[in-house]
Amino acid sequence: MTCREVSGFLHDYVAGELEPDVLAEFNRHLDGCANCRAFLGQYRDTIALGREAAAGTMPDLPDDLVKAVLATLKK
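Residues numbered from 1 in each chain as written. Predicted model: local features only at pLDDT ≥ 70, side-chain atom pairs only at ≥ 80, totals over all residues. Heavy atoms only, no water.

Novice: Got a sec to walk through the nonpolar core? Specific residues and values, please.
Specialist: V6, L10, Y13, L18, F26, L30, C33, C36 and L40 form the largest nonpolar core, which has nine residues in total. Per-element accounting of this core gives the leading share, three residues, to helix α1 (residues 3-14). The contact partners of L10, leaving out residues within four places of it in the chain, are F26, F39, L40 and Y43. (Core = buried A, V, L, I, M, F, W, Y, C linked by side-chain atoms within 4.5 Å. Buried < 20%, exposed > 50% of the residue type's maximum accessible area, 1.4 Å probe, protein only. Helix = DSSP H or I, 4+ residues; strand = E, 2+ residues; numbered from the N terminus. Contact = heavy atoms within 4.5 Å.)

In structure tokens, the structure reads:
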């Protein structure tokens, strides 16, 4: 399996939907490819951040920053 092929299977891999033979080949590739392991980690991080954003969880922002942004928008 090539790196390009791995990227095409990421969604199904993370969802746990790969066929056993494809999963075995996918995992063999990951074992030997640090770049794909890093890409998979970034892919999972992106999913987690997207879920947090969709859930409406936002970091607390300082009131003065919020006021400054709102004042700029009113201009």
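Novice: Describe the packing of α1 against helix α2 (residues 20-32), naming the residues involved and giving the relevant values.
Specialist: Close contact between α1 and α2 brings their axes to 11 Å; oriented N to C, the two are set at 120°. Here α1 is positioned oblique relative to α2, judged by the angle of their axes. Classified by chirality, the crossing of α2 by α1 is left-handed. Contact residues: C3, V6, F9, L10 and Y13 in α1; V22, L23, F26, N27, H29 and L30 in α2. Split into classes, the residues belonging to the contact of α1 with α2 amount to nine nonpolar, two polar and no charged. (Axes fitted to C-alpha atoms, helices over the stretch in contact; angles between N-to-C directions. Parallel < 35°, antiparallel > 145°, perpendicular 65-115°, else oblique. Left-handed = near helix turned anticlockwise from the far one by under 90°. Nonpolar A, V, L, I, M, F, W, Y, C, P; charged D, E, K, R; others polar.)

Novice: Give me a negative patch on the surface: which residues, what numbers.
Specialist: Side chains of E5, E19, D21 and E25 sit close together on the surface and give a patch of like negative charge. Relative to the assigned elements, D21 resides in helix α2. (Patch = residues over 30% accessible without salt bridge, like charges linked within 9 Å, V, L, I, M, F, W, Y side chains within 5 Å. Areas by Shrake-Rupley, 256 points an atom, 1.4 Å probe, with all protein chains shown as cover. Salt bridge = Lys/Arg side-chain N within 4 Å of Asp/Glu carboxyl O. Lys, Arg positive; Asp, Glu negative; His and termini not counted. Charge placed at Lys NZ, Arg CZ, Asp CG, Glu CD.)

Novice: Provide a residue-level description of the environment of L23, including the pertinent values.
Specialist: Mapped onto the secondary structure, L23 falls in helix α2. As a C-alpha pair, L23 and D12 span 11 residues in sequence and 9.6 Å in three-dimensional space. When residues no more than four places from it in sequence are discounted, the contact partners of L23 are Y13 and L18.

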